Amino acid sequence: MAQRVIPMYQAIAEAIRQEMERDSRVFVMGEDVGLYGGIFGATYELWKRFGDERVRDTPISEMGFVGPAVGAALEGMRPIVEVMFIDFIGACFDQVLNHMSKIYYMSGGQMKVPVVLMTAIGGGYNDAEQHSQCLYSLFAHLPGIKVVVPPTPYDAKGRMIQAIRDDNPVMYFFHKGLMGLPWMSIIEATWAPVPEEPYTLPFGVADVKREGKDVTIVAVAMMVHRALEAAETLAKEGISAEVIDLRTLVPLDKAAILNSVKKTHRLLIVDEDYRSFGLASEIACLVAEEALDYLDAPPRRLAVPDVPIPYSDTLEDFVIPNAASIAAAVKSLVA
């Protein structure tokens, strides 16, 4: 029997729908999540199924709906709140930094905060510096929040259900270029086999997307797919690259990274977030601290330079890593 193939946006919406059907405490709120179905389709057709009471369109005020989501979670509900772009998180950052992430700890575990905050990340379609960032490293830095970055429709569904069922906050980042929307589909991987029945996927378990022996490439989201493209090219030149998809930043599968580096002896971290003080630096430091004796070359970071994402096609292509720049970085490591 042929497997059902659906885009990532539909996989996310299906996960939410199935959890809303299973648990009456689950509801959705955010800008354009209702009749419109979310600007990137993450709440596709939910309003038709559940109506205004459980799929709530909000005013353009992130503080005005992220704060109430935290309050609803404290009262026993399980809200899913969409911030349309991660770039807009500044408008409600106090609720994330000082409330959502800390209440469980400050209450000695007596108060749970089961909020899923989902949001769009990533560039590649010329939406400029206020609509193209990733910023997941910013939240991985905050104790008390799990950070999920699914790379495929299958992962997106399983980890959304896992996130909704989690008793404390989860930041769920979906890459716009991976959602499978007809107006911005960038790669074929945006459509993939996804089971119809509900299922969960655990946090903190990385996936070896491609095995190799010469170099380890670590990435998330769109950069996983760019790394796989690069690995195909490198293989034709006799270089065997192992590609690891982290899938979640918090918890982080350190063992998967270290075990791979101990095999390949070289490490490249590819990141669509900014280069300094982020995911790439954290993983490089982890390997330097715990697997230094296995390295034949210093860890290498390939990430967005510390500049705003440009609007210009040419400049945006220059700052965001791609298959060609990844392959070049690998060659410099194995030379």
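So, here is what we can say about the structure in this document. Just so it is clear, the model here is predicted, and its values are computed rather than measured.

With that settled, the discussion passes to helix H10 (residues 279-290). Taking 1.5 Å as the rise per residue, H10 with 12 residues should run 16 Å; its terminal C-alpha atoms sit 17 Å apart, in good agreement. If you check which residues of H10 are buried, you get Leu279, Ala280, Ile283, Ala284, Leu286 and Val287. The buried residues of H10 occupy one face: seen down the axis, they fall within an arc of 155°. Lining the buried residues of H10 we find helix H6 (136-140), strand S10 (215-219), strand S12 (248-250), helix H9 (254-264), strand S13 (267-274) and strand S14 (300-304).

All right, on to the sheet that holds strand S11 (residues 241-245) then. The sheet built from five strands is open, its strands ordered S9-S11-S10-S13-S14 with mixed pairing. This sheet does not close on itself; its edge strands, each paired only once, are strand S9 (207-210) and S14. Taken over all neighbouring pairs, the strand axes of this sheet differ in orientation by 25° on average, direction set aside. Here three bridges tie S10 to S13, and the two strands are oriented parallel to one another. Bridge pairing in S13 links Ile217 to Leu268.

We now examine helix H3 (residues 62-74). With 13 residues, H3 should cover 18 Å at 1.5 Å per step; its first-to-last C-alpha distance of 18 Å lies within 8% of that length. The complete set of buried residues in H3 reads Glu62, Phe65, Val66, Gly67, Ala69, Val70, Ala72 and Ala73. Those residues of H3 hidden inside the fold are in contact with strand S2 (26-30), strand S4 (78-85), helix H4 (93-100), helix H5 (103-106) and strand S5 (116-121). A positive backbone phi angle near 105° is found at Gly76, which sits one or two residues after H3.

With that settled, the discussion passes to the pattern of salt bridges. Applying the stated criterion to the full structure yields 22 salt bridges. One salt bridge connects Glu14 with Arg17, and the closest N-O pair in it is separated by 3.9 Å. Taken together, the positions of Glu14 and Arg17, both in helix H1 (residues 8-22) and three residues apart, correspond to about one turn of that helix. Residue classification places Glu14 among the buried residues on the basis of a relative accessible area of 8%. Arg17 gets classed as partly exposed once you look at its relative accessible area, which sits at 27%. For the salt bridge of Lys209 with Asp245, the shortest nitrogen-to-oxygen distance reads 4.0 Å. Residue Lys209 is found in strand S9, and its partner Asp245 is found in strand S11; the two are separated by 36 residues along the sequence. The exposure class of Lys209 is partly exposed, given its relative accessible area of 29%. A relative accessible area of 0% places Asp245 in the buried class.

Side chains on a regular strand alternate between the two faces of the sheet. Among the eight residues of S13, eight are classified as buried, and the element is accordingly described as predominantly covered. Sheet analysis places S13 next to S14, joined by five bridges and oriented parallel. In the strand pairing of S14, Leu268 is matched with Arg300. Taking the sense of rotation as the criterion, the β-α-β connection linking S13, H10 and S14 turns out right-handed.

Before going further, it helps to examine the sheet that holds strand S7 (residues 170-175). Strands sit in the order S3-S2-S4-S5-S7-S6-S12 across an open sheet of seven strands; the sheet is mixed. On the outer flanks of this sheet lie strand S3 (55-57) and S12, each paired with one strand and no other. Mean inter-strand twist for the sheet, computed between neighbouring axes without regard to direction, equals 20°. In this structure, strand S6 (residues 146-148) lies alongside S12, joined through two bridges in antiparallel fashion. Residue pairing for S12: Val148 is matched across the bridge by Thr248. H3 contacts S2, S4 and S5 of the sheet and is inclined by roughly 160° relative to S4.

Cut-off values and rules
- Residues numbered from 1 in each chain as written.
- Predicted model: local features only at pLDDT ≥ 70, side-chain atom pairs only at ≥ 80, totals over all residues.
- Heavy atoms only, no water.
- Helix = DSSP H or I, 4+ residues; strand = E, 2+ residues; numbered from the N terminus.
- Expected span 1.5 Å × (residues − 1).
- Buried < 20%, exposed > 50% of the residue type's maximum accessible area, 1.4 Å probe, protein only.
- Arc of directions from axis to C-beta.
- Contact = heavy atoms within 4.5 Å.
- Pairing = 2+ DSSP bridges.
- Axes fitted to C-alpha atoms, helices over the stretch in contact; angles between N-to-C directions.
- Salt bridge = Lys/Arg side-chain N within 4 Å of Asp/Glu carboxyl O.
- Right-handed = clockwise from strand over helix to strand, strands pointing away.

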